2 protein chains.
Amino acid sequence: MKREILYQKIAGTIARQIKAGIWRVGDKLPSLRTISRENGISLNTAIQAYYELEKEGFIVASPKSGYFVNYKPLRLSAPATTQPPTKDTGEEEDYLISEVYRSIEDLSITRFSMGVPEDILLPIAKLNKELIRAMRSLPGSGTRYEDAQGSLKLRNDIARFTYNWNGNLTEEDIVITAGAGNATSLALLAITQRGDTIAVESPVYFGILQLANSLGLRVLELPTNPIVGIDPDALKKVLPQIKACILISNFSNPMGCCMPEENKKAVVKMLADYNIPLIEDDLYGDVFFENSRPKPCKAFDEEGLVLWCSSVSKTLAPGYRVGWIAPGKFKNAIIRQKKIHLISTPPLTQMAVANFMENSRYENHLHRLRRELHSNSLHFVQSIIDYFPEETKIVRPQGGFMIWVELDKKIDTTKLYYEAMRQRISIAPGRMFTLQDQFKNCMRLSYGQKWTPAIQERLMLLGDIIKKSI
Amino acid sequence: MKREILYQKIAGTIARQIKAGIWRVGDKLPSLRTISRENGISLNTAIQAYYELEKEGFIVASPKSGYFVNYKPLRLSAPATTQPPTKDTGEEEDYLISEVYRSIEDLSITRFSMGVPEDILLPIAKLNKELIRAMRSLPGSGTRYEDAQGSLKLRNDIARFTYNWNGNLTEEDIVITAGAGNATSLALLAITQRGDTIAVESPVYFGILQLANSLGLRVLELPTNPIVGIDPDALKKVLPQIKACILISNFSNPMGCCMPEENKKAVVKMLADYNIPLIEDDLYGDVFFENSRPKPCKAFDEEGLVLWCSSVSKTLAPGYRVGWIAPGKFKNAIIRQKKIHLISTPPLTQMAVANFMENSRYENHLHRLRRELHSNSLHFVQSIIDYFPEETKIVRPQGGFMIWVELDKKIDTTKLYYEAMRQRISIAPGRMFTLQDQFKNCMRLSYGQKWTPAIQERLMLLGDIIKKSI
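Here the structure is a predicted model, which is why all the values come from computation and not from measurement.

*Asks:* Where do I start with the overall build of chain A in this structure?
*Replies:* When its secondary structure is counted, chain A shows 15 helices and 16 strands. Taken over C-alpha atoms, the radius of gyration comes to 23 Å for chain A, in line with the 23 Å a tight globule of 470 residues would show. Scored against the burial criterion, the 470 residues of chain A give a buried share of 64%. Of the roughly 18100 Å² of accessible surface on chain A, a fraction of 50% belongs to carbon and sulfur atoms. Seen as two clouds, the 60 positive and the 52 negative side-chain charges of chain A have centres 4 Å apart.

Given below as structure tokens:
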């Protein structure tokens, strides 16, 4: 009993110091050995104290580099639930989107606009090994056409990996695609027709708006809360009008919101009542910062109406273009569309990913990636608190790569984009993420790059540019 | 002068023997050494004699294996110019197409239905080397997103390679796609809308019919000659109704026809008069059996209305899914559609192909591939003469991978497909290549596999099955 009290006492002291602001978000805590030595306690007791602090969300462990403060009573307030105009399709900011993603290979620009992990966070040497192994093991070294459903081995690995959300999928349930965006494209081609209406979050990933435009679909943007996501009541009202619904259910792009399980269940149920398919893009689901992976809506899909899409583009290799879809009852339609528009997908990169997913390597990599991104997100939050104007509104990210920032109403983030680019800082203006006249004072920042003093300085500079532009 | 007369004399003798049927198509001729010894002439004179015969189209050289007879006054007659019904869109044989391409990885089936080169004809070891080099040289080993237009190096190599048809393209004119089928998909997404009508050959590659169906386009199949391709006069008549035209201008799939230059010029001109884009799929253009590469329609495109599509799927690596499009004035629209549906293409396979295309390696490989396929085509022609019923109609292939076979009117090749599959022979029934009620007595055979006695036996067996089914 004594030992238990001891570690709790030490944990309590550190927690009070953190609450009092003696330790700030992102600060590195003393090592376990130091704590043990300075408090005259065993290493084991120190470990238990830190474990307790970690459990309560005060600190976070970063592999090999130690423990960091992870708690801060935010002085910042969160953006309100969005209230998009009830008009359907408005105008897309196509020029702006092209502008933001122009010359993505220019390394002199700090790209807070890119929602991908930086190379240094990826297991590239191991992937290279697996690529060579794939080249040597595949029939014809991967030069042959493959069956349209995609690599059996990869489908098997993906199916097995769904154990982390109690998914009950088999390799037969999965179709490989050229990334998650391509999965969404195939899903819309399979289940919608020109003139149909789809319901989406607001703000929404611009790629969904562009896809809808390309296929002649009307878009209904629905009220969305920055923490819990789309408003199920708002969705309920439009069910009679829509042909499909698209949601990034976990750590949505751009808001970062994550639907609670009860909302997911409710949404799946109400869509099923109207026999409406849900295209669920779950590409950030594995990048969670809490204790466990949030389930996707697919976990509650009894009717085969949820088309669950994901990829390794945000966790392993954006450039491999390997994604997948578990299309439920639409499997044959999806395979048909894939054959028509792609014929098949390249075996080499698929097999490299499949090899990497064997054993627990992918799980270990994700563990490290999550720690790193979590730590990045805390640094970003702290920098925004420190460098951005008082009235800035954000939500502490629960997972994923993005932080949605609401600035003073007077600021136009499209103009801000051009001002920041003069300093070679790229941001994603809010207007990219809607067809309506809204979010002009918002922007999306990505924290996918390794945290460095240089990044911190760029955020400080961005804060200055914002302050000047008011 | 004496030497010249000598080699001409020997060439003349052999030519007469071939015309008289003493040597038959596919027969191997005596080696140069044997000819030299038996005629008491120098090796150089023998070489000149064979060169003369080759130039005149009597014989063909196959690298490392010697010289083969390549001339035969066909007793077979060619199919007539097709006369598709003038109705627009009819019904697609979707089930049949899926059936024919089911379980393509099953190696126990002789796939006369697959229009791709067999592994053994591909430079796989060299490609593997280039893949490893690509992995080592690309930023992030190819895990990064790439600019949407695709690999600059590959675009440059492709542009340079168009010298073989006097193409005047630069890397800026080219967009990389996930294969030539994907290029056609992006082209249709960029330039058509649901309800538009497109003009195509008849018979036509089924993938085009499926694409049109997927995008809600109406299809007008036009009369097509098995040797010179689509009838320009028929196209002229429908110009006021169509939004786009799709042609496989060189060695079309499935008929193998190749448009003469004057027809290409005429078609490009008449389409330009109506400001109608031409999607030109030129994926077989490099696999010619005559002296030089036939120019694509793109060579005569002054208005930027020709979207020239091609790939390495038929010449290097089907499984790499590397293709391209030179979209003329539609470049921005194509890049936009690519971003929307694919985001980008994988750098690794692109760079492997680009590395391979450096220097003259690709040209040398194509040279060997053409010889091999030409030789295969001659063997197929001879086997069809020998084993198929008298009334069979074919055209001697001028390039590409396919031979279009017209059988007795009484034969239904869809039924024949199932009968042949019982013997594990797969053919492509004619009904796959039209939306109309036609070509039921036709089939497409591919000679992309290395010619062996086993293949010859399978063709003999197929001939027997056909004879029995009358």
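So much for the structure itself; the text now carries on.
*Asks:* Looking at this structure, how should I read a positive patch on the surface?
*Replies:* Residue and element names in this part refer to chain A. A contiguous patch of positive charge, built from K64, K126, K129 and R368, is present on the exposed surface. Structurally, R368 is set in helix α13 (residues 361-387). What makes R368 partly exposed here is its relative accessible area of 39%.

*Asks:* Would you explain the interface of chain A and chain B in this entry?
*Replies:* Taken residue by residue, the interface counts 58 residues in chain A and 58 residues in chain B. Summing the contributions of chain A and of chain B, the shared interface buries around 4800 Å²; its carbon and sulfur component is 56%. Sorting the residues of chain A by area buried against chain B places T143(A), Y145(A) and R321(A) first, and these three jointly supply 15% of that buried surface. Our enumeration of links across chain A and chain B arrives at four salt bridges. Between D119(A) and R144(B) there is a salt bridge whose closest N-O contact spans 2.6 Å. At the level of secondary structure, the elements contributing two or more residues to the side of chain A that touches chain B comprise α4 (94-100), α5 (124-137), α7 (180-191), α8 (206-214), α11 (331-342) and α12 (347-357) of chain A. Ranked by residue count, the leading element in the side of chain A that touches chain B is α5(A), at seven residues. Of the residues that constitute the side of chain A that touches chain B, the class distribution is 25 nonpolar, 20 polar and 13 charged.

*Asks:* Just to check I follow, could you spell out the sheet that holds strand β5 (residues 197-200) of chain A for this structure?
*Replies:* Hydrogen bonds along the backbone pair up the strands of a sheet, which may run parallel or antiparallel. All names here are of chain A. Reading across from one edge, β4-β12-β11-β10-β9-β5-β6 is the order of the seven strands in this open sheet, with mixed pairing throughout. The sheet is open, and its two borders are formed by β4 (175-177) and β6 (218-221), each paired with just one other strand. Between one strand axis and the next, the sheet turns by 25° as a mean value, whatever way the strands run. Where strand β9 (residues 244-247) and strand β10 (residues 278-281) come together, three bridges link them in parallel fashion. Residue pairing across strands places C245 opposite L278, the latter belonging to β10.

*Asks:* It is not clear to me how the packing of helix α5 (residues 124-137) of chain B against helix α12 (residues 347-357) of chain B should be interpreted in this structure. Could you clarify?
*Replies:* Helix-helix packing is characterised by the crossing angle of the two axes and by the distance between the axes. All names here are of chain B. At a minimum axis distance of 8 Å, the contact between α5 and α12 shows a crossing angle of 120°. Between α5 and α12, the angle falls in the class oblique. Where α5 crosses over α12, the two elements pack in a sense that is right-handed. Contact with α5, carried on its side by K126, L127, E130, L131, R133, A134, M135 and S137, involves L348, T349, M351, A352, N355 and F356 of α12 and no other residues of that element.

*Asks:* What's the story with the sheet that holds strand β15 (residues 428-429) of chain B in this structure? I'm lost.
*Replies:* Residues and elements named next belong to chain B. Taken in spatial order, the three strands of this open sheet run β13-β16-β15, and their pairing is antiparallel. Both edges of this open sheet fall to β13 (402-406) and β15, since each of them pairs with a single strand only. Together, β13 and β16 (442-446) form the strand contacts of helix α13 (residues 361-387), whose direction differs from that of β13 by roughly 15°.

*Asks:* Honestly, the domain arrangement of chain A in this entry has me stumped. Any pointers?
*Replies:* Interface size is often expressed as the accessible area that is lost when the parts come together. All names here are of chain A. Entries for chain A in the domain assignment read domain 1 (2-59), domain 2 (94-120 + 363-469) and domain 3 (124-360). For domain 1 versus domain 2, the separation of C-alpha centres amounts to 32 Å. Contact with domain 1, which involves four residues of that partner, is made by five residues of domain 2. Where domain 1 abuts domain 2, roughly 420 Å² becomes buried across the two surfaces, and 45% of that area is made up of carbon and sulfur atoms. Counting the surface domain 1 buries against domain 2, the share from its top three residues, R24, V25 and G26, is 85%. At the surface where domain 1 touches domain 2, the tally comes to two salt bridges. Notably, a salt bridge pairs R24 with D386, separated by 3.2 Å at the nearest N-O pair. In this assembly, domain 1 and domain 2 are joined by two residue pairs in polar contact (both at pLDDT 80 or more). In terms of residue class, the side of domain 1 that touches domain 2 is built from one nonpolar, one polar and two charged.

*Asks:* Where do I start with the environment of K19(A) in this structure?
*Replies:* Residue and element names in this part refer to chain A. In this fold, K19 is placed in helix α1 (residues 2-19). C-alpha separation for the pair K19 and V69, spaced 50 residues apart in sequence, amounts to 10 Å. Setting aside anything within four residues of it in sequence, one finds K19 in contact with F58 and Y71.

*Asks:* Could you clarify how one ought to interpret the packing of α12(B) against α13(B) in this entry?
*Replies:* All names here are of chain B. The contact between α12 and α13 brings their axes to 6 Å, and the two run at 85°. Between α12 and α13, the angle is such that the two are roughly perpendicular. Contacts from N355, F356 and M357 of α12 reach α13 at R361, Y362 and H365. Residues of the contact of α12 with α13, tallied by class, amount to three nonpolar, two polar and one charged.

*Asks:* What is the right way to look at unusual backbone geometry in this model?
*Replies:* If a residue is not glycine, its phi is most likely negative; likewise, a peptide bond is most likely trans. Residue P203(A) follows S202(A) across a cis peptide bond; omega there is 0°. For P203(A), the location among the structural elements is in the loop between β5 and α8. Phi at S141(A) is positive, roughly 55°, even though this residue is not glycine. Following the sequence through the fold, S141(A) ends up in the loop between α5 and α6 (152-161). Judged by its relative accessible area of 11%, S141(A) is buried. The backbone of I343(B) shows a phi angle near 65°, a positive value even though the residue is not glycine. Within the secondary structure layout, I343(B) lies in the loop between α11 (331-342) and α12.

*Asks:* Sorry if this is basic, but what is going on with the relation of the copies chain A and chain B here?
*Replies:* Both copies of the chain are related through a single rotation about an axis accompanied by a shift along the same axis. Screw-axis analysis of chain A against chain B gives a translation of 0.1 Å along the axis, an RMSD of 0.2 Å, and a rotation angle of 180°. Seen this way, the second copy is the image of the first under a two-fold rotation axis. Most of the interface of chain A is mirrored in chain B, where 100% of its interface residues again form contacts.

*Asks:* Looking at this structure, how should I read helix α2 (residues 32-39) of chain A?
*Replies:* Within an α-helix, residues lying three or four positions from one another point in the same direction, as the helix has 3.6 residues per turn. Every buried residue belonging to α2(A) is among L32(A), T34(A), I35(A) and S36(A), and all of these are buried. G40(A) sits one or two positions beyond α2(A) and adopts a positive phi of about 60°.

*Asks:* What is the right way to read the side chain of S214(B) from this model?
*Replies:* Among the structural elements, S214(B) can be located in helix α8 (residues 206-214). By relative accessible area, S214(B) is classed as buried at 10%. Among the polar contacts listed, one links the side chain of S214(B) to the side chain of Q337(A), at a separation of 2.8 Å. Those residues in contact with S214(B), other than ones at most four positions away along the chain, are L189(A), Q337(A), I340(A), H341(A) and R194(B).

*Asks:* What is the right way to read the environment of A199(B) from this model?
*Replies:* All names here are of chain B. Tracing the backbone through its elements, the reader meets A199 in strand β5 (residues 197-201). Residue A199 is classed as buried on the basis of its relative accessible area, which comes to 0%. Separated by 23 residues in sequence, A199 and I176 place their C-alpha atoms 25 Å apart. Excluding its chain neighbours within four sequence positions, the residues that come into contact with A199 are L220, L222, L235, V238, I242, A244, C245 and I246.

*Asks:* I'm lost on the environment of D412(A) in this one. Help?
*Replies:* Residue and element names in this part refer to chain A. Tracing the chain through its elements places D412 in the loop between β13 (402-406) and α14 (413-422). Its relative accessible area of 26% is what places D412 among the partly exposed residues. Along the chain, D412 and I335 lie 77 residues apart, while their C-alpha atoms are 43 Å from each other.

The rules behind these values
- Residues numbered from 1 in each chain as written.
- Chains lettered and ligands numbered in written order.
- Predicted model: local features only at pLDDT ≥ 70, side-chain atom pairs only at ≥ 80, totals over all residues.
- Heavy atoms only, no water.
- Helix = DSSP H or I, 4+ residues; strand = E, 2+ residues; numbered from the N terminus.
- Rg over C-alpha atoms; globule rule 2.2 N^0.38 Å.
- Buried < 20%, exposed > 50% of the residue type's maximum accessible area, 1.4 Å probe, protein only.
- Areas by Shrake-Rupley, 256 points an atom, 1.4 Å probe, with all protein chains shown as cover.
- Lys, Arg positive; Asp, Glu negative; His and termini not counted.
- Charge placed at Lys NZ, Arg CZ, Asp CG, Glu CD.
- Patch = residues over 30% accessible without salt bridge, like charges linked within 9 Å, V, L, I, M, F, W, Y side chains within 5 Å.
- Salt bridge = Lys/Arg side-chain N within 4 Å of Asp/Glu carboxyl O.
- Contact = heavy atoms within 4.5 Å.
- Buried area = accessible area lost by both parts, 1.4 Å probe.
- Nonpolar A, V, L, I, M, F, W, Y, C, P; charged D, E, K, R; others polar.
- Pairing = 2+ DSSP bridges.
- Axes fitted to C-alpha atoms, helices over the stretch in contact; angles between N-to-C directions.
- Parallel < 35°, antiparallel > 145°, perpendicular 65-115°, else oblique.
- Left-handed = near helix turned anticlockwise from the far one by under 90°.
- Domains from an automatic or database assignment.
- Polar contact = N/O pair within 3.5 Å; in protein donor to acceptor, adjacent residues only side chain to side chain.
- Least-squares fit on C-alpha atoms with pLDDT ≥ 70 in both.

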